[in-house]
Amino acid sequence: MSSWAPLAAAGEVGGDFFRERDSDSLPCQARSDEVFCFNWARENLDRFGTPTVQHLEIVALAILIGFAVAFALALLAHRVRWLQPPLLAVTGVLYTVPSIAFFFLMLPVTGLGKDTAIVVLAAYTLQIIYRNTMLGLANVPASVKDAARGMGFTRRQILWRIELPLAIPEIIAGLRLASVSTIAIATLAVFISAGGLGTQMYGANLTFPTSIIIAAAIVILMALVFDGLLLFAKRLTTPWQKARLA
Amino acid sequence: MSLLPPLASFGGAIEFIFTPQESNVTGGEKVGGFSQALELTVKQLEVTALALALALIVTLPLGLYLGHRGKGELLAVGLGNAGRAIPELALIALVAALIGVGLANVTPALAILGIPPILTNAFVGVRQVDRATVDAARGMGMSELEIIRRVELPMAIPTVMGGVRGAAIAIVATATIAPLAGVETLGDFILNRNVYGEDGLLAGAILVALMALAIEGGLALLQRRLTSDGLKLKTA
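Residues numbered from 1 in each chain as written. Chains lettered and ligands numbered in written order. Predicted model: local features only at pLDDT ≥ 70, side-chain atom pairs only at ≥ 80, totals over all residues.

Caption draft 1: Fine view of the overall build of chain B. Tallying secondary structure elements over chain B gives ten helices and two strands in all. Summarising its shape, the C-alpha atoms of chain B cover approximately 75 × 45 × 35 Å along the three principal directions. Across chain B, every contact between residues at least 6 apart in sequence was considered, and the portion connecting residues at least 24 apart equals 76%. (Helix = DSSP H or I, 4+ residues; strand = E, 2+ residues; numbered from the N terminus. Contact = placed C-beta atoms within 7 Å.)

Laid out in structure tokens, this is it:
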């Protein structure tokens, strides 16, 4: 049995990736042995536009949903302490199951397409964001909370005006980790026909190194931009950290 | 939405794991079944273990050393964070297209994915050890190597193992797409859908999920065994 056969059922993914293309007379986009083909890159840069937007959409929605759910779970577990071990275990399982397996496990339920990708990637981020939010809340010094209580803050005021602001560095650290990993993993969404930059790394019509390298570069760049934006958001929301450094 | 059709497809997948099934393309030859599932499982475990071992050998000493010296934070943490952005699909596809297929080429590629978490966590774990403790060890006449081995590493075990677990998860997950580079792991069931059918695809996904959970569980147990009793008391 050949080690690889077309994945015809899963949409545009196909299998001529490893077919020998031996003619030297062909322009380099038709050969798979060229490391990087600048001519092709110049002429075909536009074909990365739509996949980039799709990728961005999947990742942004997954992180947004993941954050909303994980944050709500953390607030709940902060109040209802006995929920902490089971929540850590459940989010741990969702984090551990490899995304590619998770995609296909969800197929009978949510089908092919980007909904499945978003759900699975959101589930993947839960553990990181949940754990970091809990860590941030746990790191708030008891003396600060005592002082707030002494000033007449209610429990809710302490949470929203004392604990959560002080937990922002950890929460954002979690978001950074989650977004960088999610952006990389979202390339696998190509296997469930969800689009994204994975389509330019592995597909029937253009699977040669130049395309893989450009798509990978866009993925890494996107991760850097997300990381930078979140770092910037942390600076904006925690002005006291800068004061401490100065 | 009824839950019955999904449940029925999982039933077919479990049958696929234990009994060979007819395939559309092999001309009557049956596919799947326990022996093939076992073979692919063993292959995936093998490539995962090899890649994790390679990543550990290369990275752990470096991370521990940098943490001990307190140098190279940018390298250890920065490279660690940047490494998470490597798209695994591109890595495997590029290795297959440019370097070659097979175990010897895929193992180092997978090891690359294990390097970031191990490096960052080894560095941070050692760095977090109380400097006074290290000074005390030095005062007792321990050499720098002894300090790393007998003081810093034991105290950093929870963090270091956290990195190893992260690396193992990343590696076993990516080993699933290793069939793209000619290493037949459980991903073969998942990716060769026209050979193994819907049942095979789901069977592969179930087995990969179980394997990742088993590896994570095993490493969590190992972490508990490696953590010294004194440290367990402190956290309890």
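Caption draft 2: Looking closely at the nonpolar core. Within the largest apolar cluster, 138 residues are counted, with the highest numbers of intra-cluster contacts made by Ala-117, Leu-121 and Ile-183 of chain A together with Ile-92, Ala-93, Ile-171 and Ala-205 of chain B. Tallying contributions element by element places helix α7 (residues 144-175) of chain B first for this core, with 18 residues. (Core = buried A, V, L, I, M, F, W, Y, C linked by C-beta atoms within 7 Å. Buried ≥ 20, exposed ≤ 12 C-beta atoms within 10 Å, placed from the backbone.)

Caption draft 3: The interface of chain A and chain B, seen in detail. Contacts between the two partners involve 40 residues from chain A and, on the opposite side, 40 residues from chain B. Secondary structure elements with two or more residues in the side of chain A that touches chain B: α3 (84-96), α4 (99-110), α7 (155-185) and α8 (209-237) of chain A. The residue makeup of the side of chain A that touches chain B, split by class, is 33 nonpolar, seven polar and no charged. (Nonpolar A, V, L, I, M, F, W, Y, C, P; charged D, E, K, R; others polar.)

Caption draft 4: Local environment of unusual backbone geometry. All names here are of chain A. At Ser-193, a position not held by glycine, the phi torsion is positive, near 55°. Mapped onto the fold, Ser-193 is located in the loop between α7 and α8. By C-beta crowding, Ser-193 is classed as partly exposed, having 19 other C-beta atoms within 10 Å.

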